[in-house]
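# Structural description and commentary
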Amino acid sequence: MEKLTAVSEDTLLQLIQDIPKADAKYAETVETALSKSFIPIEAFGAIKYLLKKYAAAIGTATFPATPIKAVAICCADHGVAKENVSAYPPETTLHMVANYLISRGAAANSFADFIGAHLSVADLGINKPIDDLPGLIDFHIASGTNNSAQGAAMTREQAVQAIYYGINLAQQLHQQQGVTVFLPGEMGISNTTASAAITAALLEEPAENTTGRGTNISDSRYKTKLATVKKILTTNKPNPADPIDVLAKVGGFELGAIAGLILGAATSHSITILDGFNSSAAALIAARLNPVVTDYLLPSHLAGEQGHPLILQELGLTPFMTLNIKLGEAIGSSLLADILDMSIKAYNNLADDVEAKLLMRNKIQREIIPPASISLTHKTFDYYTKTMPSLAKDSMEQCQLRLDNLAKPIYSLGVIEQIAAQLSGILCDDLPHPEEISQHLLCFGLNDKELVTDQLACLHSFSHQAQEGPPLTTLALLTQNRSQMDAFEFGRLQGENLSMYHHVIGISLLDEDIALADELADMLCHPDGTLKWDKTDFLSHLPKDKQLLASAIMGALIAASHNRSMVILGDRGVIAIASYAAQLVPEVEPFLLPMEPQLYQLNIKIPGITAWLGMRLVQAAIYMLNTMKTFAEAKVAVANDGPGAGRQELVH
């Protein structure tokens, strides 16, 4: 990639001011197309939002099957690292750049590969000479910024240059590779200190509201970091009305480049999906330079730094995921880009003719409750409730040890790490492999309801992103003339049979009435999610049809858990039923993974979609576990502070 000469501030500002607004007519085209389906428009939730934002940005409502995506990691060192504000030494920046390009074992590599994105790595200011890293983009400005606690991090001219380099990085990726979805990430020890100062300065917030623990530092080091951010602000007095002044005074080069990348994506009619705190702080700079840039921004997850929600609120963005991720390597944004891919597939499939949709519908396996009544004895029920297995603690401990020694700050992948360890314990396997994990969706419905073909076509679109192969979804149909015991046994048999062959089973309700799941949840739970009724008689508070559905779901999740399958709870109704089941049989709870709204806040009401997204999240967790390299394998410096110190090792 071509390295550019310096540019004047006037030229930069003119380039930024020329960014056009996104074209709202294409968002309206998407809205119109979705409204023509037999799915109520409100059921699409985040699918509609993502498609409309993307269409307006790229200037068309005709989408290719899969957008071209790029993870762009901007790297630079920070002079403020001398203030001892990070759990990792400054040389970690260079180590991680080598990991991206040579070992290819960082989280950024893993998640980019998982979603099929390009990975670009740019040097904006690494504090070491580099001449042997293949593929590194040379946008080097200086060997790290100055110590911002002692004075300005960089000159104003360098700040302009950093932004300009980022703009051109986006433009070249768009022109040369056709990228229309940008996922910025960053590597630079102490960069959350710079981001905390940027956020405090631009939002005029006290440092306490914007400064977090970054790489999981100890209490004592956090006090040092907070004092350092305060010193940066008082020493430099950055002007909140001048984003370039703020960048120049508090740093850093890679954050300026990400601001430029966001601006460059907008000039190229492309979308940028923000990751965590650092990329959002850079987006704040970009938006202050030209507010139009927010037309081209999507949020992904809510990061662990307390300044992050302040930025998102300022940008008018609401995050879709709460995964406790504390790593700025485009992890949350990769997951959202994956959902965008699936949404585009569904959108394209919904535009197909009826015959094509019927073919998709017919790929969903159907099971109907048998006509004969079932005599289920207490002995059968006791067998399940009294012989429920427990998670394999040894496997979980070994899995967690590997997770802690992967080349990243300890615990920084939050829920994704927890899912990997949970599945390890369920399967009694220290290192579950992606190709060995089979998944299946089990949906319960009533046979007297005519299911909407568009719902099933949409469900098919999402399922095939998660797993190719034979039928991936079973629709288990009940009839009104059966008893609760019949329904429980029918569900039990479905869970039993599927868990013999599948390691992960999603459970969801499927009905022509998209309100069913929420109605069931509201009958069983208070608005805060707590249970309304006693576990022994909660079914009596439901109408007959919902009693049958709840009984079947209980049977399925108990049987699947008993056979050591992870159970993805795919909607609020299923989560409510599972909560009662866990009170009756507490041993099932370690096998359950609730999705909405605990982890995802997508508000998608199309049955089964959130369950498939949960199974995709499990796939991502296991892929990460297997493809990332340890500190020893990648030769990256380990933590010298916080819970990672002593837990992370450089030896095998």
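As the structure is a prediction and not an experimental result, all values here were calculated from the model. (Residues numbered from 1 in each chain as written. Predicted model: local features only at pLDDT ≥ 70, side-chain atom pairs only at ≥ 80, totals over all residues. Heavy atoms only, no water.)

Let's shift gears to the overall build of the protein chain. Scanning the protein chain for helices and strands turns up 24 helices and 12 strands. Scaling as 2.2 N^0.38, a compact globule of 652 residues should have a C-alpha radius of gyration of about 26 Å, and the protein chain matches this with 26 Å. Taken along its principal axes, the extent of the C-alpha atoms in the protein chain is 80 × 55 × 40 Å. For the protein chain, buried positions account for 63% of its 652 residues. Total accessible area computed for the protein chain in this model is approximately 23,100 Å², and 52% of it derives from carbon and sulfur atoms. Side-chain charges in the protein chain split into 46 positive and 69 negative, and the spacing between the mean points of these groups amounts to 2 Å. (Helix = DSSP H or I, 4+ residues; strand = E, 2+ residues; numbered from the N terminus. Rg over C-alpha atoms; globule rule 2.2 N^0.38 Å. Buried < 20%, exposed > 50% of the residue type's maximum accessible area, 1.4 Å probe, protein only. Areas by Shrake-Rupley, 256 points an atom, 1.4 Å probe, with all protein chains shown as cover. Lys, Arg positive; Asp, Glu negative; His and termini not counted. Charge placed at Lys NZ, Arg CZ, Asp CG, Glu CD.)

Let us now look at the sheet that holds strand β10 (residues 504–509). Ordered by their spatial adjacency, six strands build an open sheet running β7-β9-β8-β10-β11-β12, and the pairing between neighbours is parallel. In this open sheet, the two strands that pair with only one neighbour each are β7 (365–368) and β12 (592–594). Neighbouring strand axes in the sheet, compared pairwise and without regard to direction, differ in orientation by 25° on average. Where strand β8 (residues 439–446) meets β10, six bridges bridge the pair, whose relative direction is parallel. In the sheet register, Phe444 faces β10, and the bridge partner there is Leu509. Along the sheet, helix α17 (residues 414–427) contacts β10, β11 (566–569) and β12; its crossing angle with β11, the most-contacted strand, is approximately 135°. (Pairing = 2+ DSSP bridges. Axes fitted to C-alpha atoms, helices over the stretch in contact; angles between N-to-C directions. Contact = heavy atoms within 4.5 Å.)

For helix α8 (residues 219–236), spanning 18 residues, the distance from its first C-alpha to its last is 26 Å, which sits close to the expected 26 Å at 1.5 Å a residue. Those residues of α8 that fall on the buried side of the exposure criterion are Arg221, Tyr222, Lys225, Leu226, Thr228, Val229, Ile232, Leu233 and Asn236. Buried residues of α8 fall within an arc of 155° about the axis and therefore sit on the same side. For α8, exposure combined with an orientation more than 90 degrees from the buried face picks out Ser220, Lys223 and Thr234. Looking at the buried side of α8, the elements it contacts are α7 (191–203) and α9 (243–250). Just past α8, the residue Lys237 takes up positive phi, approximately 45°. (Expected span 1.5 Å × (residues − 1). Arc of directions from axis to C-beta.)

Let us now look at the sheet that holds strand β5 (residues 271–273). Taking strand neighbours across the sheet as the criterion, the six strands line up as β3-β2-β1-β4-β5-β6 in an open arrangement whose pairing is parallel. On the outer flanks of this sheet lie β3 (137–138) and β6 (297–298), each paired with one strand and no other. Sheet analysis places strand β4 (residues 181–187) next to β5, joined by two bridges and oriented parallel. Counted as the bridge partner of Val181 is Ile271 from β5. Those strands touched by helix α6 (residues 156–177) are β1 (69–76), β2 (118–125), β3 and β4, and its axis lies near 155° from that of β2.

Here we take up the packing of helix α20 (residues 516–524) against helix α22 (residues 572–584). Contact geometry for α20 and α22: axes closest at 6 Å, N-to-C directions at 35°. From α20, Ala517, Asp518, Leu520, Ala521, Asp522 and Leu524 reach across to α22, where they touch Arg572, Gly573, Ala576, Ile577 and Tyr580.

Inside soluble globular proteins, nonpolar side chains tend to come together where they are buried. Counting residues in each nonpolar core, the largest one holds 196 residues, and the members touching the most others are Tyr100, Leu124 and Ile416. The element best represented in this core is helix α23 (residues 609–627), accounting for 12 residues. If you look at the next biggest cluster of nonpolar residues, it comprises 48 residues, including Leu446, Phe538, Leu539 and Ala560. (Core = buried A, V, L, I, M, F, W, Y, C linked by side-chain atoms within 4.5 Å.)

As a further point, take the side chain of Asp518. Within the element layout of this structure, Asp518 appears in helix α20. Asp518 sits in the buried class, given a relative accessible area of 17%. Here Lys605 takes part through its side chain, which lies 2.8 Å from a polar atom of the side chain of Asp518. In contact with Asp518, not counting residues within four places along its chain, are Arg572 and Lys605. (Polar contact = N/O pair within 3.5 Å; in protein donor to acceptor, adjacent residues only side chain to side chain.)

Let us look at the environment of Thr479. Assignment of secondary structure puts Thr479 in the loop between β9 (473–478) and α19 (484–499). Dropping the residues within four chain positions of it, Thr479 is found in contact with Ile369, Asn447 and Leu548. In terms of polar contacts, Thr479 uses its side chain to reach the side chain of Asn481, at 2.8 Å.

Another aspect to go through is unusual backbone geometry. A cis amide bond links Gly251 to the next residue, Gly252, at an omega of 0°. Along the polypeptide, Gly252 turns up in the loop between α9 and α10 (253–267). Unlike most non-glycine residues, Tyr411 shows phi in positive territory, near 65°. Inspection of the secondary structure assignment puts Tyr411 in the loop between α16 (393–405) and α17. Judged by relative accessible area, Tyr411 falls into the partly exposed class, the value being 37%. You will see that Lys635, though not glycine, has its phi angle at about 60°, which is positive. With respect to the element layout, Lys635 can be found in the segment after α24 (631–634).

The next subject is helix α11 (residues 277–289). A rise of 1.5 Å per residue sets the reference length of α11, with its 13 residues, at 18 Å; its end C-alpha atoms lie 19 Å apart and thus fit the reference within 8%. Taken across its 13 residues, α11 has 12 buried, putting it largely inside the fold. Within α11, the full set of buried residues consists of Phe277, Asn278, Ser279, Ser280, Ala281, Ala282, Ala283, Leu284, Ile285, Ala286, Ala287 and Leu289.

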